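Below are the chains, spelled out letter by letter.
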Amino acid sequence: MTAFDYRDGELAAEGVALASIAARHGTPCFVYSRAAIEEAFRTFDHAFAGVPHMVCYAMKANSNLAIVNLLARLGCGFDIVSGGELARAIAAGADPARIVFSGVGKTDAEMARALELGICCFNLESASELEHLNRVAGSLGKRAPISFRVNPDVDPKTHRYISTGLKENKFGIAIGDALSLYRRAAGLPHVAVRGIDMHIGSQITALEPHCEAASKAFELVDRLSAEGIALEHIDLGGGIGIRYRDEETIAPTDYAAAIRALLGERSLKLLFEPGRMLVGNAGVLLTRVLYLKPGAERNFAIVDAAMNDLLRPALYDAWHEVCAVAPRSGPPAVWQIVGPVCESADFLAHDRVLDLAEGDLLAILSAGAYAMAMSSNYNSRPRAAELVVDGKTTHLVRLREAVEELFAHENLLP
Ligand code: LLP
C-alpha cells in the first residue's frame, strides 16, 4: 500500500490532498497516514503469528502521543530509552507490562519510576547499571525484571553513526563478558533474570547481520540454560531498514522465517524493537518553496523547512525523496533544496531534478521516523505541526509551536 500517491495530478495522503492540509495548517508540517502505520505494524506482527512474541515499538523514532496511542490500541508494546519516553507512553495509554527500557544511561529516578509502574523488563548495558538497579529496586521493596544487552560484535553494514553492535560502540556488554554478569545477576536479591537483548544498529537492509547476531544470542541462551539460568525471552532489537530511495531491504516475512528457524524448538518468547519500519514511510514533511535562487554554479530552492525539522540529511547525509505536490510540466532544472537556517549543512536534498516555482509545495518523503523526533528549535524556529490523516479526515495531533513558547522558560537577570 502506498499511503502517499498522486490523485488527479496532486499528491494526497490517503484520501486527503496535501495542498489542502498546507492551506489549512500551514507549512512546514508533518503528515502521517494512520493506515500506513497500522499496516506496517500488522505486517510485522502477523509475520510472527503462532510464535509467542511481543512487538515493542522503539518510541524514539516518533513519539507523538497519537502515534503511540494508535500502536497501543493494536496491542503493541514499547521500547523506551528515557523517563520522558516512559511518561509519554503512559500518557498515550501504553500498558506498562508491555514496556522494555533500553539505553546505556538510566538514572536512579528513571529506574524507580519504571519499577513503580511495573514495566516488563530493563535492558541493562553494564555491570554498574546492574548494581544500581539492584539497589534502587531493593529500596522500593521490588524485584526488577532484567535482561542484558549483549554486543555481538557484528557489522550491520549501515552508517557508522547508527551502528551499535560492534565492539568499538558504547552499547551493550561484550558477549564474552555476559556469562559472568548473568551469574552475578542470578545471585542478586532485587533483580530477576528474564531475558537477553541486542540491537546491532539501524537502517540495516541485509538479513545476514541480523541472523549472525541472533545466532550468537541463541548460543548464549543455551549456555546459560546449561548452567541453570533459564531465560524467558530474547529481545532481538530493531534495525530493519526501509526504502528511502531504491534500496532492497528486508521483507518482514523473510526476517520472520529466518528468526523462526534460528529459534527452533526453544520455548522463548521473542521480543522486537522496530522503530523506523513501523513509521518511517508513513510520514512526509510538507514544505513550501520560499525563494528560488538560480546561480552559475548551483540552483538553490529555499524552502520553509530546515535542518531543525529534518536533521537526517545534515547529520548522516541521508537521502529523502522530494516530490512536488502538484508537479509542473515545464522543463526541469537541478535544484539544491535548502532551508533558511544559517548553516551550509542546512540542506534537505541535493541535486533534485524538478520544475519549480516560488510558492510550490514539496513533500519530503520517508519522514515518519527520526524526523520530528530529532527536531530542534535551532535558529529559534518553532517546531512544525503534526497531522494524522485517517481516510478522508485529518487530525491535528501536535500544534505548531508558538514563538513565545520557545523562551517561556527563560529568565532575565535582575
Ligand atoms: N532498539 C534500540 C535499543 C535502539 O537504540 C533503536 C534505535 C531501536 C531499537 C530502533 O531501531 P530502528 O528499528 O528504528 O532502526 N536517528 C537515526 C537512527 C538512530 C537509531 C537509534 N536506535 C536515523 O535517523 O537514522
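Residues numbered from 1 in each chain as written. Predicted model: local features only at pLDDT ≥ 70, side-chain atom pairs only at ≥ 80, totals over all residues. Heavy atoms only, no water.

Participant: How should the sheet that holds strand β2 (residues 10-13) be read in this particular structure?
Facilitator: Two strands in a sheet stick together by hydrogen bonds in their backbones, pointing the same way (parallel) or opposite ways (antiparallel). If you trace the 3 strands from one edge of the open sheet to the other, you get β1-β2-β3, paired in antiparallel fashion. Either end of the sheet is taken by a strand with one partner, and the two such strands are β1 (4-7) and β3 (16-17). The pairing of β2 with β3 spans 2 bridges and is antiparallel. The residue bridging Ala13 from the neighbouring strand is Val16, located in β3. (Pairing = 2+ DSSP bridges. Helix = DSSP H or I, 4+ residues; strand = E, 2+ residues; numbered from the N terminus.)

Participant: Sorry if this is basic, but what is going on with empty space enclosed by the protein here?
Facilitator: Once rolled over the atoms, a probe with the size of a water molecule shows which space is left empty. Overall, the coordinates contain 2 cavities of 30 Å³ or more when judged by the stated rule. Its volume calculated, the largest cavity comes out at about 60 Å³. Taken together, Met198, His199, Ile200, His210, Ala213, Ala214, Leu236, Tyr255 and Ile259 make up the lining of the largest cavity. It is helix α8 (residues 207-226) that provides the largest number of residues to the lining of the largest cavity, a total of 3 residues. A volume near 40 Å³ is recorded for the second largest cavity. What lines the second largest cavity is simply Phe44, Gly237, Gly238, Gly239, Ile240, Tyr255, Pro274 and Met277. Of the residues that constitute the lining of the second largest cavity, the class distribution is 5 nonpolar, 3 polar and no charged. (1 Å grid on protein atoms, 1.4 Å probe; cavity = no way out; pocket = protein on both sides within 12 Å on 5 of 7 lines; lining within 4 Å. Points joined across faces, edges and corners; volume = space filled by probe spheres on them. Nonpolar A, V, L, I, M, F, W, Y, C, P; charged D, E, K, R; others polar.)

Participant: So what exactly am I meant to see when it comes to the site of the ligand here?
Facilitator: Around the ligand, 19 residues are found, and the nearest of them are Ser202, Glu273, Arg312, Tyr316 and Tyr370. Asp79 places a side-chain nitrogen or oxygen 3.3 Å from a nitrogen atom of the ligand. At a separation of 2.6 Å, an oxygen atom of the ligand approaches a polar side-chain atom of Arg312. About the coverage of the ligand: the protein hides 92% of its 590 Å² of free accessible area. When atom positions are compared with the pocket grids, the ligand is found to occupy the second largest pocket. Both of domain 1 (4-32 + 280-406) and domain 2 (34-278) provide at least three residues apiece to the shell around the ligand. (Near = heavy atom within 4 Å. Polar contact = N/O pair within 3.5 Å; in protein donor to acceptor, adjacent residues only side chain to side chain. Areas by Shrake-Rupley, 256 points an atom, 1.4 Å probe, with all protein chains shown as cover. Sits in = over half its atoms within 2 Å of the grid points. Domains from an automatic or database assignment.)

Participant: Just to check I follow, could you spell out the pattern of salt bridges for this structure?
Facilitator: Here the idea is simple: oppositely charged side chains can pair when their charged atoms come close. One pass over the full model with this rule turns up 15 salt bridges. Measuring nitrogen to oxygen at the nearest pair gives 3.0 Å for the salt bridge that ties Asp309 to Arg381. On the criterion of sequence distance, the pair formed by Asp309 in the loop between β15 (299-303) and α11 (312-316) and Arg381 in the loop between β19 (361-364) and β20 (385-390) is long-range, its members being 72 residues apart. Comparing Asp309 with Arg381, the two get one shared label, buried. Taken together, the shared-partner salt bridges connect Arg34, Glu38 and Asp390 into one network. (Salt bridge = Lys/Arg side-chain N within 4 Å of Asp/Glu carboxyl O. Buried < 20%, exposed > 50% of the residue type's maximum accessible area, 1.4 Å probe, protein only.)

Participant: So what exactly am I meant to see when it comes to α8 here?
Facilitator: A turn of α-helix holds 3.6 residues, and therefore any two residues three or four places apart point the same way. Helix length check: α8 (20 residues) gives 29 Å between terminal C-alpha atoms against 28 Å at 1.5 Å per residue, within 8%. Residues Pro209, His210, Cys211, Ala213, Ala214, Ala217, Phe218, Leu220, Val221 and Leu224 constitute the buried set of α8. Next to the buried residues of α8 lie β9 (144-151), α7 (175-186), β11 (191-197), β12 (233-235), α9 (252-263) and β13 (269-272). Looking one or two residues beyond α8, the residue adopting positive phi is Gly228, at roughly 90°. (Expected span 1.5 Å × (residues − 1). Contact = heavy atoms within 4.5 Å.)

Participant: Looking at this structure, how should I read the packing of helix α5 (residues 108-117) against helix α6 (residues 127-139)?
Facilitator: Helix packing geometry: the angle between the two helix axes and the distance between the axes. It is at 10 Å that the axes of α5 and α6 come closest, and there the two elements cross at 55°. What the angle tells us is that α5 and α6 run oblique. Classified by chirality, the crossing of α6 by α5 is right-handed. Side by side, α5 and α6 meet where Asp108, Met111, Ala112 and Leu115 of the first sit next to Glu129, His132, Leu133, Arg135, Val136 and Ala137 of the second. Residues that form the contact of α5 with α6 fall into these classes: 6 nonpolar, 1 polar and 3 charged. (Axes fitted to C-alpha atoms, helices over the stretch in contact; angles between N-to-C directions. Parallel < 35°, antiparallel > 145°, perpendicular 65-115°, else oblique. Left-handed = near helix turned anticlockwise from the far one by under 90°.)

Everything listed is a geometric property; what it means functionally is a separate question.
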